[in-house]
Amino acid sequence: MTATTPDVTPEAAFSGIGTIANPATGAEAGQVHWTDPADVPTIAAGLRSAQREWEQRGAKGRAKALARFAVWLSEHRDEIEDLLIKETGKSAADAAQEVPLLIMILSYVIKTMDKALAPERRPAPLPILAIKKITVHYRPRPVVGIIAPWNYPVANALMDAIGALAAGCAVLLKPSERTPLTAELLRRGWLDSGAPDVLALAQGAREVAGAVIDNADYIQFTGSSATGAKVAERAARRLTPVSLELGGKDPMIVCEDADVELAAHAAVWGAMFNAGQTCVSVERVYVLEPVYDQFVAAVVRDVQALHVGAGDGNHFGALIDEQQLAITERHVREAVAAGARALTGGQRVDGPGSFYQPTVLVDVDHSMACMTEETFGPTLPIMKVATVDEAIRLANDSPYGLSASVFSADVKRAKDIAVQLDCGAVNINDVISNLMCTTAPMGGWKTSGIGARFGGADGMRKFCRQETVVEPRTNVGAGGNYYHNSLKALARMNRVMTRTALARPRRTAK
Ligand code: NAD
């Protein structure tokens, strides 16, 4: 597990006014007013009181507000992306992915939320219970705390918030202390679009995050596995439920019958997109021997054509800071010292900014951190394997289990491989695409997470408590088990219940 939180930065640094540096240039990207952890209970209390009216609007009323916010996002896309590039040093191409993803999620949620959140009728489990009408109501958890990472400051800040807001919750968002600026702009947009004050920010690091956990009714956390464990521990003090979307070391398997060109293009994009700072990036590749040389050559060719730099005209940009760069440098340095070869790249980019060359590593194995720890940098370690079984074994040889990809001309064969992989999602002949499939859950196995984001109606219902209401259809037969009945009548009732309950097991057992 990797702990990417900058433990080196003392909490005292997150008080008063903070200056955020552009990782590409070192210049000031903007200023933020850090939240005093002691103020978090008051912020949460404000949300709690605003939430009531928000809940009472009903799903249709809330959908209107979410729709207006979607329009605001599309109208302010350039402003958001400019700030995003300044705050993260991303390329324009990478920055351009975030707002459309949010709009796509909003559009799906707006269309489905009324039905997803409507009370649900449940059938009587036994004929004798047909006298009851059973309904499950989805009631919002008043304040949802969202603790976000820095790698997608727009998408990761809001993609879960959309489901929570749709559900009728208020949201207390704590962005990463490395990227607090875009969240300020998004909150302003929420209010400017006419929405009520049910989205608030708490800006800071660990202490503020702790205060958010202590004051929320549900925690949606996205970040490293090490921090996720701390979040779960703290939330357990008040038995606050958590959903944890954590780190990964996603494998790709390339079979000997794969379209090697397609697999190489996918591996390079999947590994280098956003400078490799994507939870579901391709972090390691296992290639069957017959196509290994061809695959490696195609990957190196593609990687050497990439342009690294912030803003326009580049494929990917800076790493978020020197600490993230140091992890990437260590993984490459240690691998090379242990016998791996960097066929291209292998160094930080000279000059200002925390840029690292896109790097292809071969002759790697599982004794090396580059194959076992989350790198979160623009590296692609590739390992030759003799059989598919070996590829599956190695893919599963990880404490992580976020997602994976399999390339084969035979989709049925690829599916057989997919269901042997221990992870939350597998893309066949593609990478990362499950992230767009918001009707399905996106969640990690093992240390990659607890719970899931998205998943259709589940992506909204997870922010609710379920309340079962049982009403009488008729008073006939009601109270047949109360003490005021004769003991004989109670015994008869028991016999009837057992007989009707046993009808199916008896038939099935025959
Ligand atoms: P991180 O764990 O260092 O920080 C995430 C958030 O947790 C930040 O807001 C941080 O301030 C806060 N935090 C730090 N210490 C805390 C504590 N003790 N208690 C509560 N909160 C605390 O992660 P990061 O470096 O910001 O993000 C990168 C990680 O996020 C990678 O591991 C990546 O794989 C993961 N990630 C996962 C997903 C997913 O969907 N599974 C998506 C994006 C990123």
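Residues numbered from 1 in each chain as written. Predicted model: local features only at pLDDT ≥ 70, side-chain atom pairs only at ≥ 80, totals over all residues. Heavy atoms only, no water.

Describe the pairing of strand β4 (residues 132–140), listing the residues and the values that go with them.
Two elements, strand β3 (residues 120–122) and β4, share 3 bridges in a ladder whose sense is antiparallel. Its bridge partner being in β4, R121 is matched across the sheet by T135. As judged from the 9 bridges shared by β4 and strand β22 (residues 464–472), these two strands associate in the antiparallel manner. Bridge assignment links K132 to a residue of β22, and that residue is P472. (Pairing = 2+ DSSP bridges. Helix = DSSP H or I, 4+ residues; strand = E, 2+ residues; numbered from the N terminus.)

Describe the domain arrangement of the protein chain, and please don't skip the residues or the numbers.
By the assigned domains, the protein chain splits into domain 1 (17–247 + 455–465), domain 2 (250–437) and domain 3 (478–509). Measuring from the centre of the C-alpha atoms in domain 2 to the corresponding centre in domain 3 gives 61 Å. (Domains from an automatic or database assignment.)

Hey, could you go over the sheet that holds strand β14 (residues 379–385) for me, with residue numbers and the actual values?
The strand order β12-β13-β14-β11-β10-β16-β17 describes an open sheet built from 7 strands, whose pairing is mixed. This sheet does not close on itself; its edge strands, each paired only once, are β12 (341–344) and β17 (425–428). Taken over all neighbouring pairs, the strand axes of this sheet differ in orientation by 25 degrees on average, direction set aside. Two elements, strand β10 (residues 250–254) and strand β16 (residues 403–407), share 3 bridges in a ladder whose sense is parallel. The partner of V254 across the bridge, within β16, is F407. (Axes fitted to C-alpha atoms, helices over the stretch in contact; angles between N-to-C directions.)

Describe helix α5 (residues 98–117), with residues and values.
For α5, spanning 20 residues, the distance from its first C-alpha to its last is 26 Å, which sits close to the expected 28 Å at 1.5 Å a residue. Taking the largest bend as the criterion, α5 deviates by roughly 45 degrees, centred on K111. (Expected span 1.5 Å × (residues − 1). Bend = angle between axes of the 7 residues up to and from the residue.)

Mind laying out the packing of aromatic side chains, listing which residues take part and the relevant values?
The full count for this structure, using the stated rule, is 8 aromatic pairs. Between W54 and W190, the aromatic rings sit 5.8 Å apart at their centres with planes inclined by 80 degrees, giving edge-to-face as the arrangement. Here the residue W54 occupies a position in helix α1 (residues 40–56), and W190 occupies one in helix α7 (residues 181–192), the gap between them amounting to 136 residues. A single burial state applies to W54 and to W190, both of which are buried. Between the aromatic rings of Y218 and F463, the centroid separation amounts to 5.4 Å while the plane-to-plane angle is 75 degrees, which identifies the pairing as edge-to-face. Of this pair, Y218 sits in strand β8 (residues 218–222) while F463 sits in the loop between α16 (458–461) and β22; the two residues are 245 residues apart in sequence, bridging distant segments of the chain. This pair shows no difference in class: Y218 is buried, exactly as F463 is. Three or more aromatic residues link up through ring pairs in this structure, and these residues are W54, F69, W72 and W190. (Phe/Tyr/Trp six-rings, centres within 6.5 Å; stacked < 30°, edge-to-face > 60°. Buried < 20%, exposed > 50% of the residue type's maximum accessible area, 1.4 Å probe, protein only.)

Just give me the short version of the nonpolar core, but keep the residues and values in it.
With 151 residues, the main nonpolar core has L173, M252, F295 and I382 as its most contacted residues. Looking at which domains feed residues into this core, each of domain 1 (17–247 + 455–465) and domain 2 (250–437) gives three or more. (Core = buried A, V, L, I, M, F, W, Y, C linked by side-chain atoms within 4.5 Å.)

Any chance you could break down unusual backbone geometry for me, citing the residues and the numbers?
With a phi close to 60 degrees, D363 is a non-glycine residue in the positive phi region. Notably, I432 is not glycine yet its phi reads approximately 65 degrees, a positive angle. Here I432 is to be found in the loop between β17 and β18 (441–442).

With reference to specific residues and values, describe the UniProt feature "active site" (unreviewed entry) in the protein chain.
Mapped onto this numbering, the UniProt entry annotates "active site" (unreviewed entry) at E245 and C279. The greatest C-alpha distance among the annotated residues, which extend across 35 residues, is 9.0 Å, indicating that they converge on a single site. Mapped onto the elements, E245 comes out in strand β9 (residues 242–245). Overall, the relative accessible area of 4% leaves E245 in the buried class. Once residues within four sequence positions are removed from consideration, E245 is found in contact with Q220, F221, T222, G223, M442, G443, S448, G451, A452, R453 and K462. Following the sequence through the fold, C279 ends up in the loop between α10 (260–272) and β11 (282–288). In this view, C279 contacts N151, L246, G248, D250, F376, L402 and M442; residues no more than four positions away in its chain are not counted. (UniProt positions renumbered as here; feature names shortened; annotations may be inferred. Contact = heavy atoms within 4.5 Å.)

Pulling in residues and values, what's your account of a positive patch on the surface?
Residues K488, R492, R495 and R499 make up a contiguous surface patch of positive charge. A relative accessible area of 69% means that K488 is categorised as exposed. (Patch = residues over 30% accessible without salt bridge, like charges linked within 9 Å, V, L, I, M, F, W, Y side chains within 5 Å. Areas by Shrake-Rupley, 256 points an atom, 1.4 Å probe, with all protein chains shown as cover. Salt bridge = Lys/Arg side-chain N within 4 Å of Asp/Glu carboxyl O. Lys, Arg positive; Asp, Glu negative; His and termini not counted. Charge placed at Lys NZ, Arg CZ, Asp CG, Glu CD.)

Any chance you could break down the confidence of the model for the protein chain for me, citing the residues and the numbers?
This prediction gives the protein chain a mean pLDDT of 96; 98% of its residues lie at or above 70. Counting interchain partners and residues more than four positions distant, the pLDDT-below-50 stretch residues 1–6 has 26 contacts. (pLDDT = per-residue confidence, 0-100.)

An account of α10 is needed here, citing residue identities and associated values.
The periodicity of an α-helix, 3.6 residues per turn, causes residues three or four positions apart to be oriented the same way. With 13 residues, α10 extends 18 Å from end C-alpha to end C-alpha; this agrees with the ideal 18 Å at 1.5 Å per step. Packed against the buried residues of α10 are β10, β11, α11 (289–304), β13 (359–362), β14 and β16. The residue sitting at the N-terminus of α10 and contributing the capping side-chain oxygen is D259; that oxygen lies 3.3 Å from the backbone nitrogen of E261. Two residues or fewer past α10, N274 is found with a positive phi of approximately 60 degrees. (Polar contact = N/O pair within 3.5 Å; in protein donor to acceptor, adjacent residues only side chain to side chain.)

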